[in-house]
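Listed below, chain by chain, are the residues.
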Amino acid sequence: HTRGLVTLAAMDVGICTRQLQRLCPGPRFSDLTAVICSEFVKLVASCAMIVAESGTNGLAQSLRHMLCEEQRSTALMGIPGVIYAAQNYLYFLGGSNLSVTMYQVAKQTAIPATAVISVVCLGKHVDAGRWIALLVLTAGVAIVTLHGDTVVSGNLTVGLSCVLVASVCSAFASVFTEAMIKSERCSREIFRKPAK
């Protein structure tokens, strides 16, 4: 339970900081600073989970394994990490230019983007019912956009563009991660559990 709570807390740092920025008066902090701090919190939480499970020797073994023995696999898994960091920055920019409702609805475009990229890159089959559901979701985004959310806090075009690009980044990173995990060699190298 503790690991899940720590992971959830680390993942929600970005959402909390963005809402804090909106609610608290005073000088705004940099979106980039917030993203870097969020990524740092995730790094610390990950290391803490490894230490809790395997001790400091397990952390040292994991780092040695990733950085000295399996550089290729580590670098490949770093690609989605960098994409997710860029995505978080774009979400911050988008969120600062959109209302909360518009932001949340536009962010859902990651779902059809993931489906399209999965079909194109992984050759997955998506049945007609799922495509219809994805089209309905996309239509919902369009309806909210067309009828206007009157509480836009910045530039609508910039906000929507950032969120849509971030959604495509998220979709690509998810599909890339899935492909790497399914790749037998990469999966074996990355997810090898260190000896206690």
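Residues numbered from 1 in each chain as written. Predicted model: local features only at pLDDT ≥ 70, side-chain atom pairs only at ≥ 80, totals over all residues. Heavy atoms only, no water.

## Overview of the packing of helix α4 (residues 71–97) against helix α8 (residues 156–182)
Across the interface, α4 lies against α8 with an axial gap of 8 Å and an inter-helix angle of 160°. In terms of orientation, α4 and α8 fall into the roughly antiparallel class. The interaxial crossing formed by α4 with α8 has left-handed handedness. Grouping the amino acids of the contact of α4 with α8 by side-chain chemistry returns 20 nonpolar, 8 polar and no charged. (Axes fitted to C-alpha atoms, helices over the stretch in contact; angles between N-to-C directions. Helix = DSSP H or I, 4+ residues; strand = E, 2+ residues; numbered from the N terminus. Parallel < 35°, antiparallel > 145°, perpendicular 65-115°, else oblique. Left-handed = near helix turned anticlockwise from the far one by under 90°. Nonpolar A, V, L, I, M, F, W, Y, C, P; charged D, E, K, R; others polar.)

## Description of a nonpolar patch on the surface
Taken together, the side chains of Leu32, Ile36 and Tyr89 present a nonpolar region at the surface, about 270 Å² in accessible area. The residue Ile36 is located in helix α3 (residues 31–69) in this model. (Patch = residues over 30% accessible without salt bridge, like charges linked within 9 Å, V, L, I, M, F, W, Y side chains within 5 Å. Areas by Shrake-Rupley, 256 points an atom, 1.4 Å probe, with all protein chains shown as cover. Salt bridge = Lys/Arg side-chain N within 4 Å of Asp/Glu carboxyl O.)

## Thoughts on the packing of helix α6 (residues 110–122) against α8
Two numbers describe how α6 lies on α8: the axes approach to 8 Å, and their chain directions differ by 45°. Comparing their axes, α8 and α6 come out oblique. Crossing geometry of α6 relative to α8 is assigned as right-handed. Facing Ala110, Ala113, Thr114, Ile117, Ser118, Cys121 and Leu122 of α6, the residues of α8 in contact are Ser167, Val168, Ser170, Ala171, Phe172, Val175, Glu178 and Ala179. A per-class count over the contact of α6 with α8 returns 10 nonpolar, 4 polar and 1 charged. (Contact = heavy atoms within 4.5 Å.)

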